[in-house]
Amino acid sequence: MTKRGRFITLEGGEGVGKSTNVSFVAECLQAEGLEVVRTREPGGTERGEAIRALLLDPAPQESLNVDAELLLMFAARAQHLAEKILPALERGAWVVCDRFTDATFAYQGGGRGIAKERIAILENFVQQGLSPDLTLLLDMPQEAAKQRLESRLSARHEQRDRFEQEQADFFQAVRDAYLARAADAPERFAVIDAQHSLDNVQAQLRQTLATRVATWR
Ligand code: TMP
C-alpha cells in the first residue's frame, strides 16, 4: 500500500513573503526526492480559482456579506480537497498549500469578527477530520509587513484586491488570530520569524522541515 503523503500549509498576513517561501518549501521537499503538489487557497482548481476571483474582486460597490465570504472560502476548499488535495495525499504525494483553514480563522474570524465556533462547524463539515500535518506561519510585526506590502503594490501597479484594501486594525487582528491559533496547536505549527533577510527565513524553514520530515520517515 502506498504511504499517504503529508500536507504542509504556509500562512501569514499580507507582505510577509509567503509566495517566495512556498516555492522554497516545495523545492526543499522535491530535493528529498518527494513528489510535491504545490497549490493555493482560495483557488487551486478551475472552479476554486473562479471563486477566488469573486472573493478578491474589489469592483462591486456593494459589500460582500461576511457569511457569504466565509461560505465561499469553504466552497472553494471543498472543491480543492475533493479534486486535488485528497487524491494527491492518497497517491503518496506531498501537498504544499499557500494558505488553508487557518487563514479563515485569521481573516474571517480575527479580521471580520465571525465567532470561531461558527467557523469550526464548517471546518468539520468540509474537512471531516483532515488538518495539515505542518503549518509554517510566517510572522512579522504589522508595521513591517505593511511597508513590504506597499512596496510590492507600487511595483506591481495593480489595483488592491478586496483584502489588500483593509486597514491596519484588520491586519493586526489577522496577525493576533494567527498567533492565537499557533499557541493552541504548537505541535502542528512552526512560527517563523519573517522579519529577517530571505536567507535567514529560509534557513529557519529548512531547519524546521529537516526536523519534521525526519520524524515522519
Ligand atoms: P493571497 O493568497 O494572494 O495571499 O490572497 C488571498 C487573500 O484571501 C488573502 O488576502 C487572504 C484571503 N483569505 C481569506 O480571507 N480567508 C481564507 O480562508 C483564505 C484561504 C484566504
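Residues numbered from 1 in each chain as written. Predicted model: local features only at pLDDT ≥ 70, side-chain atom pairs only at ≥ 80, totals over all residues. Heavy atoms only, no water.

**Thoughts on the pattern of salt bridges**
As a reminder, the rule being used: Throughout this description, the term salt bridge denotes a Lys or Arg side-chain nitrogen within 4 Å of a carboxyl oxygen of Asp or Glu. Relative accessibility under 20% of the residue-type maximum defines a buried residue, over 50% an exposed one, and the middle range a partly exposed one, all with a 1.4 Å probe and only protein chains included. The way it works is that DSSP assigns letters per residue, a run of H or I at least four long becomes a helix, a run of E at least two long becomes a strand, and they are numbered from the N terminus.
In the structure shown here, the tally under the stated rule is 16 salt bridges. For Arg40, the salt bridge is made with Glu49, and the minimal N-O distance between the two is 2.6 Å. Take Arg40: its relative accessible area is 34%, and that puts it in the partly exposed class. For Glu164, the salt bridge identified is with Arg152, shortest N-O distance 3.1 Å. Separated by 12 residues along the polypeptide, Glu164 in the loop between helix 6 (142-156) and helix 7 (168-184) and Arg152 in helix 6 bring together distant segments of the chain. Judged by relative accessible area, Arg152 falls into the partly exposed class, the value being 36%.

**A look at the nonpolar core**
Heads up, the condition is: We define a nonpolar core as any set of buried Ala, Val, Leu, Ile, Met, Phe, Trp, Tyr and Cys residues linked to one another through side-chain atoms lying within 4.5 Å. In what follows, a contact means two residues having at least one pair of non-hydrogen atoms within 4.5 Å.
Formed by 26 residues in total, the largest nonpolar core has its most connected members in Ile8, Val25, Leu29 and Leu136. Put simply, the parts of the chain that give this core at least two residues each are strand 1 (7-11), helix 1 (18-31), strand 3 (94-98), strand 4 (134-139), strand 5 (189-193) and helix 8 (198-216). By residue number, the principal contributor to this core is helix 1, which donates six residues. With residues up to four places along the chain from it excluded, the contact list for Leu29 reads Ile8, Leu34, Val36, Trp94, Val96, Leu209 and Val213. By size, the runner-up hydrophobic cluster in this structure holds 19 residues, among which are Leu56, Met73, Tyr178 and Phe189.

**With respect to the site of the ligand**
Threshold: Consider each residue's heavy atoms; a residue with any of them within 4 Å of a molecule or strand counts as near. In protein, a polar contact means a hydrogen-donor-capable atom and an acceptor-capable atom, both N or O and within 3.5 Å, with residues adjacent in sequence counting only if both atoms are side-chain atoms; elsewhere, any N or O pair within 3.5 Å suffices. Surface exposure here means Shrake-Rupley accessible area, sampled with a 1.4 Å probe, where a residue is shielded only by the protein chains that are shown. Cavity: a set of points on a 1 Å grid over the protein atoms alone where a 1.4 Å probe fits but cannot get out. Pocket: an open set with protein on both sides within 12 Å along at least five of seven lines, its lining residues, like those of a cavity, having an atom within 4 Å of a point. Just a note on the criterion: a molecule sits in a pocket or cavity if more than half of its atoms are within 2 Å of the grid points. In the scheme used here, Gly and all other residues not listed as nonpolar or charged are polar, with Ala, Val, Leu, Ile, Met, Phe, Trp, Tyr, Cys and Pro taken as nonpolar and Asp, Glu, Lys and Arg as charged.
Neighbouring the ligand are 14 residues, the closest being Glu14, Arg52, Arg99, Thr104 and Gln108. Side-chain polar atom of Arg52 to an oxygen atom of the ligand: 3.1 Å apart, as the coordinates give it. A distance of 2.6 Å is found between an oxygen atom of the ligand and a side-chain nitrogen or oxygen belonging to Thr104. Notes on the ligand: free accessible area 480 Å², of which the protein chains cover 91%. Here the ligand is seated within the largest pocket. Classifying every residue of the shell around the ligand gives six nonpolar, two polar and six charged.

**Quick notes on the sheet that holds strand 5**
Formally: A pair of strands counts as paired when DSSP detects no fewer than two bridges linking them. Axis angles are defined between N-to-C directions and span 0 to 180 degrees, where every axis is a line fitted to C-alpha atoms and, for a helix, only to the segment in contact.
Judged by pairing direction, the sheet is parallel, and its five strands sit side by side in the order 2-3-1-4-5 without closing on themselves. Each of the sheet's edge strands pairs with one partner strand only, and the pair in question is strand 2 (36-40) and strand 5. Averaged over all adjacent pairs, the angle separating strand axes in this sheet is 20 degrees, with direction ignored. When strand 1 meets strand 4, the two strands line up parallel, connected through four bridges. Bridged to Ile8 within strand 4 is Leu134. This element, helix 8, spans strand 1, strand 3, strand 4 and strand 5 of the sheet and lies at about 160 degrees to strand 5.

**Examining unusual backbone geometry**
The omega torsion across Glu41 and Pro42 is -10 degrees, close enough to zero to call that bond cis. Of note, Pro42 is situated in the loop between strand 2 and helix 2 (46-56). In the Ramachandran plot, Arg99 falls in the positive-phi region, its phi being about 80 degrees despite a non-glycine side chain. Inspection of the secondary structure assignment puts Arg99 in the loop between strand 3 and helix 4 (101-111). For Arg99, a relative accessible area of 11% translates into the label buried. Unusually for a residue other than glycine, Gln128 sits at a positive phi of about 45 degrees.

**Some details on the layout of surface pockets**
Convention followed: Grid points are joined across faces, edges and corners, and a volume is the space filled by probe spheres set on the points.
In this structure, the largest pocket spans a volume of roughly 620 Å³. Lining the largest pocket we find 31 residues, and of these Glu14, Lys18, Arg52, Asp98 and Arg99 sit closest to its centre. Elements with a contribution of two residues or more to the lining of the largest pocket: helix 1, strand 2, helix 2, helix 3 (66-90), helix 4 and helix 6. Each residue belonging to the lining of the largest pocket can be placed in one class, and the counts come to nine nonpolar, eight polar and 14 charged.

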